[in-house]
Amino acid sequence: MLRSWWMAGLMLVVGAIVAVRAYSPVVGAVELLVFAVLAALFSPLVFPRSLTAAEARERSARDGRPIVYWRPGCRYCLRLRLRLGHRAGRAYWVNIWRDPDGAAAVRAVTGGDETVPTVVLPGEAVVNPEPAWLRERLPA
């Protein structure tokens, strides 16, 4: 989790440096705003509350909802999250940087690496799925 906030903080610092070096205050303010938005998007704030891998597996076994393994800063995870919109809350999200068991689950599916997003459904696992594919499998 610390890595996630560190990365968001770094974006804000870089944004402040870029803004200070801007040739006009208006341009500097716009640049800082852009970096602040990017920092928020790449932080855990835009994702549904993360569960542990064990909690997600238990809940998924009960109701069949997908488990999405992700990590902050992953542009493919962000793309999936944003394209799911409000439906993202219908899946269980596991931040692999916060949960070593989640990272291990991803390595088991991907053959040893930690490629995310990895979506696991009962009897099926897909690495970096199309958002439409996942939307079809989310409960109504």
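Conventions adopted
- Residues numbered from 1 in each chain as written.
- Predicted model: local features only at pLDDT ≥ 70, side-chain atom pairs only at ≥ 80, totals over all residues.
- Heavy atoms only, no water.
- Core = buried A, V, L, I, M, F, W, Y, C linked by side-chain atoms within 4.5 Å.
- Buried < 20%, exposed > 50% of the residue type's maximum accessible area, 1.4 Å probe, protein only.
- Helix = DSSP H or I, 4+ residues; strand = E, 2+ residues; numbered from the N terminus.
- Contact = heavy atoms within 4.5 Å.
- Pairing = 2+ DSSP bridges.
- Axes fitted to C-alpha atoms, helices over the stretch in contact; angles between N-to-C directions.

**As for the nonpolar core**
Membership of the largest hydrophobic core comes to 27 residues, with the highest contact counts inside it found for V68, Y69, L80, L84, W93, V116 and L134. For this core, the secondary-structure elements that each account for two or more residues are α3 (53-63), β1 (67-70), α4 (75-84), β2 (92-95), α5 (100-110), β3 (118-121) and α6 (131-137). No other element matches the 4 residues that β1 contributes to this core. Residue contacts for V116: discarding those within four places in its chain leaves Y69, W70, R71, C74, Y76, C77, I96 and V106.

**Side note on the sheet that holds strand β4 (residues 124-127)**
Across the sheet, 4 strands lie side by side as β2-β1-β3-β4; this open sheet has mixed pairing. On the outer flanks of this sheet lie β2 and β4, each paired with one strand and no other. Taken pair by pair, the neighbouring strands of this sheet meet at an average axis angle of 20°, ignoring direction. In this structure, β1 lies alongside β3, joined through 3 bridges in antiparallel fashion. Note on β3: the bridge partner recorded for Y69 is T118. Across the sheet, α4 lies against β1, β2 and β3, angled at about 160° from β2, the strand it touches most. Here α5 sits on the sheet in contact with β1, β2, β3 and β4, set at roughly 85° to β3.

Read these as layout, nothing more, since geometry by itself doesn't imply function.
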